[in-house]
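The chain contents come next:
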Amino acid sequence: MRIETDRLTLKEIDESHVEDILKIRSNEIVNQFVKRIPPKTNYDALDFILTIKKRIRNNESLYWGISYNNQQNLIGTICLWNFSEDRTEAEVGYELLPDHHRKGIMSEVLTAVLNFGFNELNLQEILAFTNKFNENSKGLLLKHDFILQEGRTDEGFPDNLVFSLKK
């Protein structure tokens, strides 16, 4: 499922993206606010890609690699996942290599994915969970009219805030 914007292409990730996924998911700045074990080898990145492909096949998530138009290398990723049982709600997740921060890239990509989620998948609500210290992510969500869900928590992640955007 390919989505194109003025500058960017959102595309399916595959085995050819192993080095890009390793670079993105092992980046210290990208992982600064994310609790996960970063991949250490190409094998770890390949395992992640194969897991994502399985989740897509099983209709559990949608996951796109982000690249500039007409370029192969990925600079980030964005996904819709954690769908509610009735498929009216999903969570958005995203990450972007630091060299591409503060250029409007994630805003452009998020607009496209929100549009897809609400208009193609008929979602009624999209949630986003972000670390309370991640000012860039909080700013991005507020810019896109997400609303902080006061008092709602992300189980197991006490430093995360929960944001919501309804159709």
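Residues numbered from 1 in each chain as written. Predicted model: local features only at pLDDT ≥ 70, side-chain atom pairs only at ≥ 80, totals over all residues. Heavy atoms only, no water.

## So, the packing of aromatic side chains
Under the convention used in this document: Any two of the Phe, Tyr and Trp rings considered here, Trp counted by its six-membered ring, make a pair once their centres fall within 6.5 Å; the pair's planes then place it as stacked at under 30 degrees, edge-to-face at over 60, or tilted in between. Numbering of helices and strands runs from the N terminus; a helix is a DSSP stretch of H or I covering at least four residues, while a strand is a stretch of E covering at least two. The buried label applies to any residue whose accessible area, calculated with a 1.4 Å probe on protein chains only, is under 20% of its type's maximum; exposed applies above 50%, and partly exposed to all values in between.
One pass over the structure, following the stated rule, counts two aromatic pairs. Geometrically, the ring pair formed by Phe 48 and Tyr 63 is edge-to-face, given 5.8 Å between the ring centres and 70 degrees between the ring planes. In this pair, Phe 48 sits in helix 2 (residues 42-57) while Tyr 63 sits in strand 3 (residues 61-68), placing the two residues 15 residues apart along the sequence. There is no split in this pair, since Phe 48 and Tyr 63 are both buried. Pairing Trp 64 with Phe 116 gives two aromatic rings, centres 5.7 Å apart and planes at 85 degrees, and the pair type is edge-to-face. Of this pair, Trp 64 sits in strand 3 while Phe 116 sits in helix 3 (residues 105-120), placing them 52 residues apart in sequence.

## Some remarks on the sheet that holds strand 6 (residues 125-131)
Condition: In short, DSSP must find at least two bridges between two strands for them to pair. What makes two residues a contact is simply this: any of their non-hydrogen atoms within 4.5 Å. Between N-to-C directions, angles cover 0 to 180 degrees, with each direction set by a line fitted to C-alpha atoms, over the stretch in contact for helices.
Strands sit in the order 1-2-3-4-5-6-8-7 across an open sheet of eight strands; the sheet is mixed. Of all strands in the sheet, those with a lone pairing partner are strand 1 (3-4) and strand 7 (147-148), marking the two edges. Bridge count for strand 4 (residues 76-81) against strand 5 (residues 89-96) is six bridges, and the pairing is antiparallel. In the sheet register, Ile 78 faces strand 5, and the bridge partner there is Tyr 94. Across the face of the sheet, helix 1 (residues 18-25) comes into contact with strand 3, strand 4 and strand 5 while running at roughly 85 degrees to strand 4.

## A look at unusual backbone geometry
Most peptide bonds take the trans form, and the phi angle of most residues other than glycine is negative. We note that Arg 102 has phi near 65 degrees; this positive angle belongs to a residue other than glycine. As for its position among the elements, Arg 102 is in the loop between strand 5 and helix 3. Judged by relative accessible area, which is 73%, Arg 102 ranks as exposed. With a phi close to 60 degrees, Asn 122 is a non-glycine residue in the positive phi region. Relative to the assigned elements, Asn 122 resides in the loop between helix 3 and strand 6.

## Observations concerning the pattern of salt bridges
A side chain of one charge can pair with a side chain of the opposite charge when the charged atoms of the two come close. Under the convention used in this document: Salt bridge, as used here: a side-chain nitrogen of Lys or Arg that lies within 4 Å of a carboxyl oxygen of Asp or Glu.
Under the definition given, this model contains eight salt bridges. Across the pair Glu 4 and Arg 2 runs a salt bridge, and its minimum N-O distance is 3.3 Å. Judged by its relative accessible area of 54%, Glu 4 falls in the exposed class. Where salt bridges share partners, they join Arg 25, Arg 36 and Glu 95 into one cluster.

## Re the nonpolar core
Soluble globular proteins: nonpolar side chains tend toward being buried together. Quick reminder of the rule: The term nonpolar core refers to a set of buried residues drawn from Ala, Val, Leu, Ile, Met, Phe, Trp, Tyr and Cys, joined through side-chain atoms within 4.5 Å.
Core analysis: the largest hydrophobic core is formed by 30 residues, its most contacted members being Trp 64, Ile 78, Leu 80, Val 92, Val 109 and Phe 146. Of all the elements in the fold, those that place two or more residues in this core are strand 2 (8-11), strand 3, strand 4, strand 5, helix 3, strand 6, helix 4 (135-143) and strand 8 (160-166). If near-sequence neighbours (up to four positions away) are discounted, Phe 146 is found in contact with Val 92, Leu 110, Leu 114, Ile 126, Leu 127, Ala 128, Leu 141, Phe 163, Ser 164 and Leu 165. With 13 residues, the next largest nonpolar core counts Ile 13, Val 18, Ile 21 and Tyr 63 among its residues.

## Details of the side chain of Glu 108
Rules: Polar contact is defined as a pair of N or O atoms within 3.5 Å, subject to the rule that within protein one atom must be able to donate a hydrogen and the other to accept it, and that residues adjacent in sequence are counted only when both atoms are side-chain atoms.
Position of Glu 108 relative to the elements: it lies in helix 3. Among the polar contacts listed, one links the side chain of Glu 108 to the side chain of Arg 7, at a separation of 2.7 Å. Setting aside residues no more than four positions away along its own chain, Glu 108 makes contact with Thr 5, Asp 6, Arg 7 and Leu 8.

## Some thoughts on helix 3
Rule in force here: Helix span, expected: 1.5 Å multiplied by one less than the number of residues in the helix.
Helix length check: helix 3, at 16 residues, gives a terminal C-alpha distance of 22 Å against a target of 22 Å (1.5 Å per residue), a fit within 8%. Counted residue by residue, helix 3 has twelve buried out of 16 residues, so it is predominantly covered. The positive-phi residue at the C-terminal boundary of helix 3 is Asn 122, with phi of around 60 degrees.

Note that all results are geometric; they support no functional claim without further evidence.
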